[in-house]
Number of protein chains: 2
Amino acid sequence: MRAKTFRTWLEYMQSTERLAVIDKRVKLKYEVASIAKKLDGKKAVYFTQVEDYSIPVVSGICTTRQQFAEALETDQSGLIPKFIQAVSNPLPYRLVDKKDAPVKENVILKNIDLMEILPIPIHHEKDSGHYITAGLLIVRDPLTRKQNVSIHRLQVSSKDRLGILILPRHTFHLYRQAEEAGKPLECAIAIGVDPITLLASQASTPFGIDELEIASALRGEPLEVVRCETVDIDVPAHAEIVLEGKILPRVREPEGPFGEFPKYYGSRSDKEVVQITGITHRNHPIFHTIVPAGYEHLLLGGIPREASLFQSVKQTVPSVKSVHMSLGGTCRYHAIISIKKRNEGEAKNAILAAFANSFDIKHVVVVDEEIDIFNMEEVEWAIATRFQADRDLIVIHGAQGSKLDPSTNNGVGCKMGLDCTVPLDSEPMKYLRIEIPGYNDLDVDEYINQESTGLKPEHLEKNNAASI
Amino acid sequence: MRAKTFRTWLEYMQSTERLAVIDKRVKLKYEVASIAKKLDGKKAVYFTQVEDYSIPVVSGICTTRQQFAEALETDQSGLIPKFIQAVSNPLPYRLVDKKDAPVKENVILKNIDLMEILPIPIHHEKDSGHYITAGLLIVRDPLTRKQNVSIHRLQVSSKDRLGILILPRHTFHLYRQAEEAGKPLECAIAIGVDPITLLASQASTPFGIDELEIASALRGEPLEVVRCETVDIDVPAHAEIVLEGKILPRVREPEGPFGEFPKYYGSRSDKEVVQITGITHRNHPIFHTIVPAGYEHLLLGGIPREASLFQSVKQTVPSVKSVHMSLGGTCRYHAIISIKKRNEGEAKNAILAAFANSFDIKHVVVVDEEIDIFNMEEVEWAIATRFQADRDLIVIHGAQGSKLDPSTNNGVGCKMGLDCTVPLDSEPMKYLRIEIPGYNDLDVDEYINQESTGLKPEHLEKNNAASI
């Protein structure tokens, strides 16, 4: 399994020449993020010398859809079906002894100083400080004992405190329950996990589904987990680093601003606080950072959302072929959907189903099945030649949207849907796309003459001196 | 001058490793077009052995904006300003003696058989037959003696007759005048001209401006032309091949279907006919074919349209920064415009100016000046995060559009404009784009360690055998 652990995945990326090694000394502030962003969509980066830290930093472990597909040992067309399958069929993980868990090779329970130990970068210009961006936050429901896994921005607020943004989802619910009882919510933050577990953490699931069980299902075998030292939480046994702690009740401290996925800043305000109670890590640990709004960040959110969206649309339009949350739409706001239209009007129903799937979805484009929705030039072509705004446009005023979309009024905004499908009753030739017979099967490399000396002498202008 | 002639340009493309040489024998039907399309956006193609023809075929002489910029000896940002400058300041061309004109090296005035002499391809599945697609059609206004230059699809209808589509523009006007007087309209068709002259032929100009004078202005020196043998027309002296002929009055013959720029077929109907009266060509001539709807075709139309659009928008919004007719919009239907907004509402005026510029323009997106409008992912991001359909959308029903857009009702369709500019009164932080200080100046190649042995031994999972 390529992505069995964070390290085996890095080895795989290296073996396929997609790991850039940076031995030059780099700074935590901006330089790590700058270099990773330059290689976004191409290579993972492994920084061996970050300031005076002994711990290397890695960023961009998967920055393309293809790389995520490889991590799941499938191809791009298999990515969403495989994810849906795993979400529908979670597999229990396996608790291992501490002696078998690499993350227990080192245990630190006192004199904790996050910035002394860990090379935590500052990513963007207006960020309030150092942020952990690739930490899986794991909490447990005390009633069901099921865990919940999610990724949060984590600001280093002091030697042993993190500011945290908790959006109103499952973790928020568990924290509120604890806080109302005057108790902290125990948590663990796993840094440096394999890309499968990272992707699984972003699954859109009903409350009570443990994302680590989805990770197990995606792996096809139980993920190995181990119990924490200071909290009642199970964490991936092969994580590079685990921070243990508690989200404190009735404590709020300033957090932000922080550059977020929509490429704008989330604002500064008083937010919840994690008190760190312990750190465990592998020997020679590697620190993983995700550059916010980079492709690693966007796709981690986008692929699981596509799986959820596909299922929502399928309930309304069973002939849905494919869905795509595009990078230009921050993998959240724009959905492109292809369907095999069987009844007139279905494309508009697909638009409505998409809006119902997630309040984050703002604009939807529906096209016919033969359009490659991952090729945005083709999608644009469908908008240009198969859409008429007077009959094919849906606009819905004043709906719930994303609070991080600055064009909304604190999250209240307008939805827009474009039906770019061909009318079922149109003449066959009218919308017939031009094709070159034989094009798809032609291998151009069989034609190009590498040995050729190029233009023949009689075609060189300089051999026709009289003429110029 | 790189693009002094068709041949010097091919030499330049070869010298920059962007000329693919295909020595393998290829067929006129589909195979030439397939291979050229595979290399679209990358390389020009030079086919040395097309069936039994002695004449080679070239396609894709410029298939990127960058390549056109190089032909004009400028960079991408200089392309539109240089074109506008030339359109505003045409330069007379220079008539040379026939003995100094390479295109006169061979003169054929009898027994004309187009398909016997010229390797004219069949491009798309439903095309009615062999089509000349890269011919500059040159006609003369008998009153002013000014010439007009344009590109038309030209179907080989017989040994010496071409079916022609003449859209209602300048050539159409001159032909109608002649036809009403019962006379043919003399014409010449120049094949294998340099990319500057090709681009100039697509300029949006008032009636009476000779596009060859724009070509001269773009070159910075007079284009050399020579008088035809059988008609009173001047043609580029360095053209590879010139067909001379007459568009016959009151003759219509079946033409089409033919795969057109919107990637659909133009339909079959009775159309005008060119009777060929002579052929002249260089020694060892090269035949140029443009694959319809390929980037060469689209950009040839798009760049001159951008120049015209820029000037139209500038009259309404003087702070317009840049305009882009995108490939996904077939370089005709979609305009993206960036402005430095100084007054609220200006973006909508820019949209209206764009619609006024050309009836082909169907959808317009206006963004702030800092958006790179040639990066469609950025444009999409502006739509995702700076646009609200209830306040920022313009829809105009029942306007004149392109007849080749199949979603229109015979050319009558709906316009749509999106204002994606930030409100002038918004709080500065709200729309502040995240930036990494130092990112733009960082050269990542200075960091990547090519000598590195990769992951350090202590980070390889296999060196932690106990752990896995």
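Residues numbered from 1 in each chain as written. Chains lettered and ligands numbered in written order. Predicted model: local features only at pLDDT ≥ 70, side-chain atom pairs only at ≥ 80, totals over all residues. Heavy atoms only, no water.

**What to know about the pattern of salt bridges**
Residue and element names in this part refer to chain B.
Stage number 1. This model, assessed by the stated rule, comprises 72 salt bridges over all chains.
Stage number 2. Residue Arg 145 is joined to Asp 232 by a salt bridge in which the shortest nitrogen-to-oxygen separation is 2.8 Å. Here the residue Arg 145 occupies a position in the loop between strand S7 (135-140) and strand S8 (147-151), and Asp 232 occupies one in the loop between strand S12 (224-227) and strand S13 (234-236), the gap between them amounting to 87 residues.
Stage number 3. A relative accessible area of 41% means that Arg 145 is categorised as partly exposed. (Salt bridge = Lys/Arg side-chain N within 4 Å of Asp/Glu carboxyl O. Helix = DSSP H or I, 4+ residues; strand = E, 2+ residues; numbered from the N terminus. Buried < 20%, exposed > 50% of the residue type's maximum accessible area, 1.4 Å probe, protein only.)

**Observations regarding the relation of the copies chain B and chain A**
Stage number 1. Screw-axis analysis of chain B against chain A gives a translation of 0.0 Å along the axis, an RMSD of 0.0 Å, and a rotation angle of 180 degrees. One copy is carried onto the other by what is essentially a two-fold rotation axis. No C-alpha of chain B lies nearer the rotation axis than that of Met 376 of chain B, which sits 4.2 Å from it.
Stage number 2. Most of the interface of chain B is mirrored in chain A: 100% of its interface residues are interface residues there too. (Least-squares fit on C-alpha atoms with pLDDT ≥ 70 in both. Contact = heavy atoms within 4.5 Å.)

**Section: the sheet that holds strand S22 (residues 363-368) of chain B**
All names here are of chain B.
Stage number 1. The mixed open sheet is built from five strands, whose spatial order is S20-S21-S22-S24-S23. Looking at the sheet topology across the chains shown, the edges are occupied by strand S20 (320-325) and strand S23 (393-400). Here the strands of the sheet are splayed against their neighbours by 15 degrees on average, with no regard to which way each runs.
Stage number 2. Of the pairings in the sheet, the one linking S22 to strand S24 (residues 412-419) comprises four bridges and is parallel in character. Looking at the pairing, His 363 lines up with Met 416 of S24. (Pairing = 2+ DSSP bridges. Axes fitted to C-alpha atoms, helices over the stretch in contact; angles between N-to-C directions.)

**Things to note about the pairing of strand S24 (residues 412-419) of chain A**
All names here are of chain A.
Stage number 1. Of all the eight residues making up S24, seven are buried; the element is thus mostly covered by neighbouring parts of the structure.
Stage number 2. Here six bridges tie strand S23 (residues 393-400) to S24, and the two strands are oriented antiparallel to one another. Residue pairing across strands places Ile 394 opposite Gly 417, the latter belonging to S24.

**Re the nonpolar core**
All names here are of chain A.
Stage number 1. The biggest cluster of nonpolar side chains holds 87 residues, and the ones touching the most others in it are Ile 337 and Val 364.
Stage number 2. The leading source of residues in this core is helix H9 (residues 295-316), at eight residues.
Stage number 3. Looking at this core, you find at least three residues from each of domain 1 (77-285) and domain 2 (296-419). (Core = buried A, V, L, I, M, F, W, Y, C linked by side-chain atoms within 4.5 Å. Domains from an automatic or database assignment.)

**Looking at unusual backbone geometry**
Residue and element names in this part refer to chain A.
Stage number 1. Between Gly 256 and the following residue, Pro 257, the backbone shows a cis peptide bond with an omega angle of 0 degrees.
Stage number 2. Not every positive phi belongs to a glycine, and Thr 330 is a case in point at roughly 60 degrees.
Stage number 3. Residue placement: Thr 330 occurs in the loop between strand S20 (320-325) and strand S21 (334-339).
Stage number 4. Judged by its relative accessible area of 0%, Thr 330 falls in the buried class.

**A few points about the sheet that holds S24 of chain A**
Residues and elements named next belong to chain A.
Stage number 1. Here five strands make up an open sheet; going across it, the order is S20-S21-S22-S24-S23 and the pairing mixed. Looking at the sheet topology across the chains shown, the edges are occupied by S20 and S23. Neighbour-to-neighbour, the strand axes of this sheet turn through a mean angle of 15 degrees, independent of strand direction.
Stage number 2. In this fold helix H10 (residues 346-357) packs onto S21, strand S22 (363-368), S23 and S24, with an angle of close to 150 degrees to the strand it touches most, S24.

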